[in-house]
Every structure is written in structure tokens, then in C-alpha cells.
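For reference, the chains in residue letters:
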Amino acid sequence: MTVLVTGGAGFIGSAVVRALIRTRPVTVVNVDKLTYAGNLDSLADVADDPRYRFERVDICDAAEVRRLFEQYEPDAVLHLAAESHVDRSIDGPGAFVETNIVGTFTLLQEARRYWTRLGGFNRERAERFRFLHVSTDEVFGSLGPEGFFTEETAYDPSSPYSATKAGSDHLVRAWQRTYGLPCLITNCSNNYGPCQFPEKLIPLVTLNALAGEPLPVYGRGENVRDWLYVDDHADAILTVLEHGRAGETYAVSGENEQRNIDVVRAICALVDELAPDAGIGPREALIRFVADRPGHDQRYAIDATKIRRELGWQPRETFETGLRRTVAWYLEQRGWWERVRSGGYRGERLGLGAR
Ligand code: NAD
């Protein structure tokens with residue numbers, strides 16, 4: 001079997017590629033444009049495996065995407081390539097429309113073309129073909145203090161990021177219903193874990209705490225997110241690919257709600273324990289509340305009953321074990337994030353602020 005993974009050099013995509021190579025007898029074609037968020041260092045463990053291939057391709061480039069389908073004849077597509085950072089989508093939404101909407105459209109068109117031709121000479125393989133689109137719970141908008149998102153929740157996105165992800169979900173559903181392309185969608189809650197770009201909350205706070213720098217927290221830190229360890233998300237994606245029913249959507253989460261301020265405090269306690277520094281003192285003192293993000297959703301929380309009951313998936317990590325693992329990883333893997341912060345991972349310097 002050959003699986004084409006888009007965005008395989010990103011945070012979640014690299015976890016999916018590593019999981020596929022380690023646990024499945026498949027060939028993996030990693031298709032990634034290598035934007036600022038793509039980092040081949042995250043794939044060092046699998047890069048030399050003969051079942052791993054890398055293709056630097058923009059998913060908006062139809063001719064190149066067509067070449068990939070013709071060359072590799074994949075049995076499945078796991079689509080993770082996206083612009084993914086909400087703050088960047090507020091500053092510059094154009095790239096989000098391009099990759100998340102136009103890129104998904106391009107991939108769907110070329111997948112459909114390939115799959116239709118495949119059906120002409122190998123019906124059985126065409127029937128087994130799957131296009132799995134990895135999406136987010138942010139498409140559902142914001143929850144109040146009560147209730148949960150499910151697969152039935154109406155779309156109500158708030159940010160340019162979530163609006164473009166919502167658009168991509170609608171396209172995938174339309175290609176399933178109109179053309180019969182066998183598609184699956186997952187809507188997952190916030191991920192954390194190794195290899196996450198240090199502009200996102202958990203790695204940013206970990207690295208700033210380590211260095212004794214201010215820990216910026218939006219508003220009063222009351223926003224609630226539902227956190228899932230990245231390897232558990234990768235496992236959910238493979239479970240849905242192998243056992244999900246085409247045409248279905250699966251909401252994925254660790255059912256683990258945390259206020260941002262509590263996450264930040266928990267990281268401070270872990271960094272104090274694992275990397276004590278008398279010169280810095282208790283890291284909680286570094287917390288700084290900053291002006292809230294415009295359109296900031298108050299609460300995300302997912303009811304993951306469907307994937308648990310129908311597919312038997314469940315996360316392995318609790319938030320306590322997963323956060324400890326994550327903080328320990330950033331403390332041990334200094335080389336990984338120093339190359340990100342210096343721009344060395346892509347041969348240039350990035351002006352990364354603490355957001
Ligand atoms: P990421 O930003 O870390 O990685 C995205 C990857 O896509 C990068 O390697 C980048 O180079 C690549 N990419 C971007 N534009 C591309 C293009 N035009 N062509 C080819 N490659 C391109 O993102 P992530 O956090 O790993 O998220 C992966 C997917 O999972 C996204 O679709 C995101 O919406 C979804 N998701 C993320 C989370 C989360 O908490 N991070 C939660 C739920 C769903």
C-alpha cells in the first residue's frame with residue numbers, strides 16, 4: 001500500500017508519517033511545500049527508511065499534484081497540509097484561502113481524476129481508495145460554558161483560519177456527495193506534543209519559561225481548549241482511515257478541557273521541576289496578560305463518543321502524562337528548537353516574537 005500524506009513535515013503530519021512507517025507495512029509519500037511550518041528535522045527518525053519518500057510540492061500546483069498521483073498511484077491520501085496558525089490568519093488571510101481552500105480543491109480534483117481512472121481498470125482498488133481530510137473543531141465556532149461539539153454541530157467559524165478550514169470541509173463533503181469520491185473527515189481539538197512550532201501556546205510557554213522570558217497569555221487566560229496528545233491524534237487518523245466509513249465525519253478529542261491559564265501554570269511547575277534555575281525563580285512570576293486576540297473563541301470541547309464507540313479508539317496519554325512528556329521533550333531536544341528559532345532548519349532567520 002502507498003499512502004500520500006500532505007503536510008507531512010508539519011507538527012501533526014510528521015507524527016502521522018512516523019506512526020505509519022513504524023507501525024504499518026506501507027510506503028509513505030510526504031508531500032510538503034516546506035513553508036515556515038515545515039521542518040524535515042522532525043522526520044530524522046524515518047528519513048532513511050526505504051518506504052519513505054519526500055516530495056517538495058505545493059498542493060495548489062495542479063500539474064505537480066497530478067504527477068504525484070500518476071507516479072505513486074496511492075491507495076489513500078491523508079490531507080494535513082494547511083496554514084494553521086490563527087494569529088497569522090488575522091495578519092495575512094490570503095495564504096490561508098490559497099492553501100486551505102484552493103489547495104484542498106486542487107487535491108480533490110486530482111484525486112478524483114486519478115480515482116476515476118483507477119476505477120476503469122482496477123475496480124477493487126478504487127473501491128478501497130480513501131481521501132481523509134484532517135480538520136479542526138474550530139470550524140464549529142465558540143461554545144459557552146455548557147455543551148459539546150459533535151459531528152452534528154452546525155459550522156460557525158470565527159477566524160480566517162477556521163473559516164478556510166470550514167470551506168475545505170465543505171468541499172470535501174461535496175466531492176463525496178457529488179462525485180462519490182470516498183472521503184472521510186476528522187475534526188480534532190487542540191493538539192500538543194513534540195515537534196510543534198514554537199509559536200503555539202505550549203511550546204512557546206515552555207521555551208520562554210526555560211529562558212526566563214515573559215509568558216504572554218491572552219486576556220485573562222480564561223479561554224478553554226480541549227487538548228489531545230499528538231500521537232493519539234495520529235493514531236485516531238490511522239484508525240479512521242482503516243476502519244471509518246466513507247462519507248462519515250469523526251470528531252476527535254482527549255475530552256480534556258483546560259483553561260489557558262491552568263495550562264501555563266502547569267508548564268511553569270514542570271519547567272521549575274525539570275530545569276530549576278535559582279536565577280530565574282518560580283516561572284509563574286513570568287506570566288503577563290496581554291490584549292486579547294480579536295474574535296477569540298471562548299471555549300472548545302468535543303464529545304468524542306462516535307469514534308470511541310464505533311471505532312474503539314481511545315487516547316493513551318492523559319493531560320498530565322502527555323504534558324510532562326512534551327515539556328521533557330523540549331528540554332531534551334534543544335537542537336530541534338534552536339534550529340527553528342535561528343531559522344537554520346530552512347536556511348534563513350525568522351523574526352519570531354513571543355505571541
Ligand atoms: P503545521 O502548520 O505544523 O503544518 C502544516 C504543514 O503543511 C507544514 O509542513 C507546511 O509546510 C505544509 N504546507 C502548508 N502549505 C502547504 C502547501 N500549499 N502545499 C504543501 N504543503 C503545505 O500544522 P499542524 O498543526 O500539523 O496541522 C496539520 C493539520 O491538522 C491542519 O490541516 C490543521 O488544520 C489540522 N489540525 C491541527 C490542530 C492543532 O492543534 N495543531 C488541531 C486539529 C486539526
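A quick note: this is a predicted structure, and the numbers were derived from the prediction, not measured. (Residues numbered from 1 in each chain as written. Predicted model: local features only at pLDDT ≥ 70, side-chain atom pairs only at ≥ 80, totals over all residues. Heavy atoms only, no water.)

*Asks:* Is there a simple way to think about the overall build of the protein in this case?
*Replies:* Within the protein, the regular secondary structure consists of twelve helices and 13 strands. Projected onto its principal axes, the C-alpha positions of the protein cover 70 × 45 × 40 Å. Within the span of the protein, comprising 355 residues, buried residues form 56% of the whole. Once local pairs closer than 6 in sequence are excluded, the contacts in the protein between residues at least 24 apart make up 80%. (Helix = DSSP H or I, 4+ residues; strand = E, 2+ residues; numbered from the N terminus. Buried < 20%, exposed > 50% of the residue type's maximum accessible area, 1.4 Å probe, protein only. Contact = heavy atoms within 4.5 Å.)

*Asks:* Can you help me understand the layout of surface pockets in this one?
*Replies:* By rolling a water-sized probe across the atoms, one finds the places where empty space is left. If you add up the space inside the second largest pocket, you get close to 520 Å³. Around the second largest pocket, the lining is made up of 25 residues, and of these Ala15, Arg18, Ala19, Arg22 and Asp231 lie nearest the centre. Residues belonging to the lining of the second largest pocket are distributed by class as follows: eleven nonpolar, three polar and eleven charged. (1 Å grid on protein atoms, 1.4 Å probe; cavity = no way out; pocket = protein on both sides within 12 Å on 5 of 7 lines; lining within 4 Å. Points joined across faces, edges and corners; volume = space filled by probe spheres on them. Nonpolar A, V, L, I, M, F, W, Y, C, P; charged D, E, K, R; others polar.)

*Asks:* How should the nonpolar core be read in this particular structure?
*Replies:* Most often, soluble globular proteins have nonpolar side chains that are buried together. Val16, Leu20, Leu78 and Ile307 are the most contacted members of the largest nonpolar core, which totals 47 residues. Breaking this core down by element, the ones donating at least two residues are strand 1 (2-6), helix 1 (11-23), strand 4 (76-79), strand 5 (130-136), strand 6 (183-188), helix 8 (230-243), strand 11 (249-252) and helix 10 (305-311). Ignoring anything within four residues of it in the chain, the contact list for Ile307 reads Ala236, Val240, Tyr250, Ala251, Val252, Gly312 and Trp313. Formed by 32 residues, the second largest nonpolar core is a distinct cluster that contains Leu207, Ile261, Leu286 and Trp329. (Core = buried A, V, L, I, M, F, W, Y, C linked by side-chain atoms within 4.5 Å.)

*Asks:* I tried to follow the packing of helix 11 (residues 319-332) against helix 12 (residues 334-342) on my own but got confused; where do I start?
*Replies:* Relative orientation and spacing of two packed helices are given, respectively, by the angle between their axes and the distance between those axes. Where helix 11 meets helix 12, the closest approach of the two axes is 5 Å, and the angle between their N-to-C directions is 70°. The orientation of helix 11 with respect to helix 12, classified from their angle, is roughly perpendicular. Contacts from Trp329, Tyr330, Leu331 and Glu332 in helix 11 reach Arg334, Trp336 and Trp337 in helix 12. For the contact of helix 11 with helix 12, the residue count by class is five nonpolar, no polar and two charged. (Axes fitted to C-alpha atoms, helices over the stretch in contact; angles between N-to-C directions. Parallel < 35°, antiparallel > 145°, perpendicular 65-115°, else oblique.)

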